Every structure is written in C-alpha cells, then in structure tokens.
Amino acid sequence: MTSATDHEPHGTHQTKKATASGWIGSALEYYDFFIYATAAALIFPQVFFPSSDPKVAIVASLATYGVGYVARPIGAFFLGHWGDTHGRKMVLVICMFLMGFSTVAVGLLPTYDQVGLWAPAMLVVLRLIQGFAVAGEISGASSMILEHAPFGRRGFYASFTLQGVQAGQIMAAAVFLPLAHYMPAEAFNSWGWRIPFLLSFIVIVAGYIIRREVEETPAFAEESAEGGVPKAPVIQAVTESWRDMLRVMLCSLMNVIPVVATIFGAAYAVQPGYGIRFEKDVYLWIPVMGNIVAVLVIPFIGNLSDKIGRRPPIIIGALASGLLSFAYLYAISIHNVPMAIIMSLLMWGVVYQGYNAVYPSFYPEMFPTRTRVSGMAISQNLGTAITALLPVLFVTVAPPGATNIPLTIGLITLAICVVAAISAWTARETYRVHLNDLGDRNAVPVAKQEYDRIREQALGEKPKMTNATA
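What you see is a predicted model; the values in this text were computed from it and never measured.

Conventions and cut-offs
Residues numbered from 1 in each chain as written. Predicted model: local features only at pLDDT ≥ 70, side-chain atom pairs only at ≥ 80, totals over all residues. Heavy atoms only, no water. Buried < 20%, exposed > 50% of the residue type's maximum accessible area, 1.4 Å probe, protein only. Core = buried A, V, L, I, M, F, W, Y, C linked by side-chain atoms within 4.5 Å. Helix = DSSP H or I, 4+ residues; strand = E, 2+ residues; numbered from the N terminus. Salt bridge = Lys/Arg side-chain N within 4 Å of Asp/Glu carboxyl O. Expected span 1.5 Å × (residues − 1). Axes fitted to C-alpha atoms, helices over the stretch in contact; angles between N-to-C directions. Parallel < 35°, antiparallel > 145°, perpendicular 65-115°, else oblique. Contact = heavy atoms within 4.5 Å. Nonpolar A, V, L, I, M, F, W, Y, C, P; charged D, E, K, R; others polar. Phe/Tyr/Trp six-rings, centres within 6.5 Å; stacked < 30°, edge-to-face > 60°. Disulfide = S-S within 2.5 Å.

### Some thoughts on unusual backbone geometry
The residue His-335 is not glycine, and still its phi comes out positive at about 55 degrees. When its relative accessible area of 40% is taken as the criterion, His-335 is described as partly exposed. Within the chain, Asn-404 stands out as a residue other than glycine whose phi angle is a positive 55 degrees. By relative accessible area, Asn-404 is classed as exposed at 53%.

What follows is the structure in structure tokens.
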C-alpha cells in the first residue's frame, strides 16, 4: 500500500506555528490596509484636499483608496516572483515591512494646508505601496500554511489566512470607531486620526518577531535543494497553468458580494439622491457585524472542504450569495432596516464564506510548488482589481432616480457569481491530491476510503477498521 508520505514533502512541518503566523500576519496587514479605507471616507477629504469643493474632495479621497487595488496586480508580479524564487517566508517578511512602514508614513504626512498639492501626491504614493505590499500577503500566507499542513487538513488550516483578514478589518473598525465617537471633532480632525496609523509600528515589530520563528516550508526547501526553483516563475506559471490562472481570476470576481454589501449597498441606503435615507450609523456597523460572523464561520467551512472537496462550497456559496443580493437590495428599497441587516449578514457573513473560506486552499492547490505563489497572486489580484471598478458600474447603470434598482444590480451580481461558479466547476478537485502532485493534470487523487483513513490520523483519531486496513 502506498505510504501517505510518498507524495508529501519530507522535513519538519510546523503546522500550528505557520498557521498562527499566517493568521496574525494577515490580520495585521489588513488592519493597515483597511484603516486607510475608513480614513478615506471619514477624514482625508478634509485633511489632504482643498476645502473649496467638498464634493470633489470626497471623490478624490475615495479615488486614492481605489489606487491601492490598481497597484495590487503590479505587486503580485514582483512579490509572486520573489515568493517562488526566494521562499514563502522571505516574501511575507517583505510584505510586512512594506505595509508597516507605508502605513506609519501616512500618519506622519503633512496636510494640504501645510504643503498644498504635495499632501495628496504623497498620500497616493503611500497608498500605491500599500496595494503593492498586500498583493503578496494572501498568496504567500496561503502557500506557507498549505505547505506546512498535514494531508487531509489543508483546507482547515489554510482558511485561517482569511479569518485573519476578517479579524484585521474588525481591528481597523475597533480602533477608529471609538476615536471618532469619543474624541472632540476638532482634536480628531487635527491629530486623533493619526493614532491608528502610527500604531502600525507594532505591525512591523510583531510581524517580524512572529514570522522569523517559522521555517521555510518543506515543499519549497525540497524544490530548492533539487534545483527545481525556476528563474522566471511568472512566465512558467502563464505558459504551464494559464487555464488555472484564468479560473482563479474569474472566481476572484466573487469580490462583488462585499462590494454590494458594503459599498453600493451603503450608498443606495444612505445617499440622499436615492431617497431611502437610512441612518449612517447602521452602515458603519454592517462591515463590523459581517466580519464577526465570518470569523466564526470560516474554520467550519474550511474543515468542511476537507471532507467534501473544495468545489461544492465555492459553487454553492457563489450561487446562493448572488441570489441573496436581490433580497438584500429589496430590503433597502422598502426601508426595512432589520431585514437589510439580516440579509447582509446572511449573504456576506455566512453564505459568501463558502467561497471566502475555501479559496486559500483551492487556489494554491491548482499550481505546483515551483509557481504556486506567482500563479495565485497574479490571477487573484487581477480579478480583485476588476471588482474595484464595480461601484462605478453600479452607479452608472442604477443612478439616483432609476427604477428597479434591486433587480438591475441583483442581476449583474448574480451573473458575476454564475461566472465564478462555472469557473470553479471546470477546475480539478484537489482536496485528495497529495502536495507533491498538485498542479499535475494527470495526478490521481487518493481513494476516498484511504483519504478518510489518513485524515483521521491527521486529526489524531484512531482510524476505523475496514477491509482495506484490517
């Protein structure tokens, strides 16, 4: 009988340490990334842009937020290359330092009143660095955890990458909301807003301490020792795995769901032009509540994907969240606050996690070790960058005064989710494929009965006696 380790990398697997490193690193990096989003809406229009035209200042401030998504595909090319040539550990440390220092620098920037147009110019440069840095985080952390995890538990452990991302968003809101609420407005506008950014110095110190404790993955170490590290992993990923890169890019359009829930949904409910007139405080809390629910749900779905496969949760999550977008937008249109909150939490906090919790294992499992970080980083960030344009599309096709807005936006959302579901359906199922065989189209999955036996061993349970093991 084939041993479970015959197709697995040899060496020390630091599963729990790698998972903790990925979780904390992702939480800290996305704390940095999302405090910028909060500040761009609350404070930057008054601090970094001319006060003569408030509308222009708001648009310009939100545009600098979007710049971060434009930089992500560029960062994915460079950081993906680095992760596949110098190791997962190295690229994650680089991401941490770039993100930490650029975020601290935002907290030290002079205002428009002090230096004029230099203020928004420097803000844009630092946001570009943030977007560049975050592009390598999820692909690097997912690959690190995946390659340290035991066979049969990769989905569970890799899901903690995204649990860390959601926790980082909660941390960002938890820091900003009390400051904005309790500080006098003048003090908050003058210097209080800088506190969350300056606290990012902790990210640099904590992130480095945590990530230096994790050894390079056995898979990459073997690849390096055998001379299998490519000189141009990006080119190799495109030439060998372009179909899977296209699948990842199309699946990543699922970012439409958080766009509908927190960006267009908020504008539709709150902006006077649409005439719904929900209280703004409600929509400040929806992302917080949604992320709290997601943090609780993600490990369960990650574990489920180790039992039934990666594709079913992603396909069901995509189709169901697309359908729920109709109910969510309808609840807003009839000014039903409780229904809107429940539908948002169900659509985004629960059902969407069928995709969100599984892609940190599903995506890197499509690629071989030698191109894993590049293949995932480039294609995922290209897909996410496309979704950054969706708020503009939504407002264009459903502007204030338009009719049938829930139907129009719901149909677009569902259509995108169907594309993502079809893309996942066309992919190979990978949860029963050994790590060294991933990326090989001819790889034979482990038989379900044998896989369950191996998984029980990984769970620390005594395997059941069957005809195959008796």
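### Some thoughts on the nonpolar core
Core analysis: the biggest nonpolar cluster contains 102 residues, and Phe-44, Phe-48, Trp-193, Phe-197, Tyr-283 and Tyr-363 have the highest contact counts within it. If you tally residues by element for this core, the top one is helix 14 (residues 256–270), at ten residues. Counting residues in hydrophobic clusters, the runner-up holds eight residues, among them Val-91, Cys-95, Met-144 and Val-214.

### A look at the pattern of salt bridges
Should their charged atoms come close, side chains of opposite charge can pair. Applying the stated criterion to the full structure yields 15 salt bridges. In this structure, the salt-bridge partner of Glu-147 is Arg-88, at a minimum N-O distance of 2.7 Å. Pair noted here: Glu-147 is in helix 7 (residues 137–148) and Arg-88 is in helix 4 (residues 88–107), with a separation of 59 residues, a long-range link. For the pair Glu-147 and Arg-88, a shared accessibility class is recorded, and that class is buried.

### Some details on helix 20 (residues 372–387)
Here helix 20 is 16 residues long and its end C-alpha atoms lie 23 Å apart, about the 22 Å a rise of 1.5 Å per residue gives. The buried fraction of helix 20 amounts to 14 of the 16 residues, a majority that puts the element mostly inside the structure.

### So, the packing of helix 4 against helix 11 (residues 201–212)
Remark: helix 4 packs on helix 11, axes separated minimally by 8 Å, with the N-to-C direction vectors making an angle of 170 degrees. Considered as vectors, helix 4 and helix 11 are oriented roughly antiparallel to each other. Residues Lys-89, Leu-92, Val-93, Met-96, Phe-97, Gly-100, Phe-101 and Val-104 of helix 4 form the contact with helix 11, whose own contacting residues are Phe-201, Val-203, Ile-204, Gly-207, Tyr-208, Arg-211 and Arg-212. Grouping the amino acids of the contact of helix 4 with helix 11 by side-chain chemistry returns ten nonpolar, two polar and three charged.

### Let's talk about the packing of aromatic side chains
One pass over the structure, following the stated rule, counts 19 aromatic pairs. Here the aromatic residues Tyr-352, Tyr-355, Tyr-359, Phe-362 and Tyr-363 are joined through ring pairs into a cluster of three or more.

### Concerning the state of the cysteines
Put plainly, two cysteines are in a disulfide when a covalent bond ties their sulfur atoms together. Following the criterion strictly, the structure yields zero disulfides and no others. Of the cysteine sulfurs around Cys-417, a residue in no disulfide, the closest is that of Cys-251, at 11 Å.

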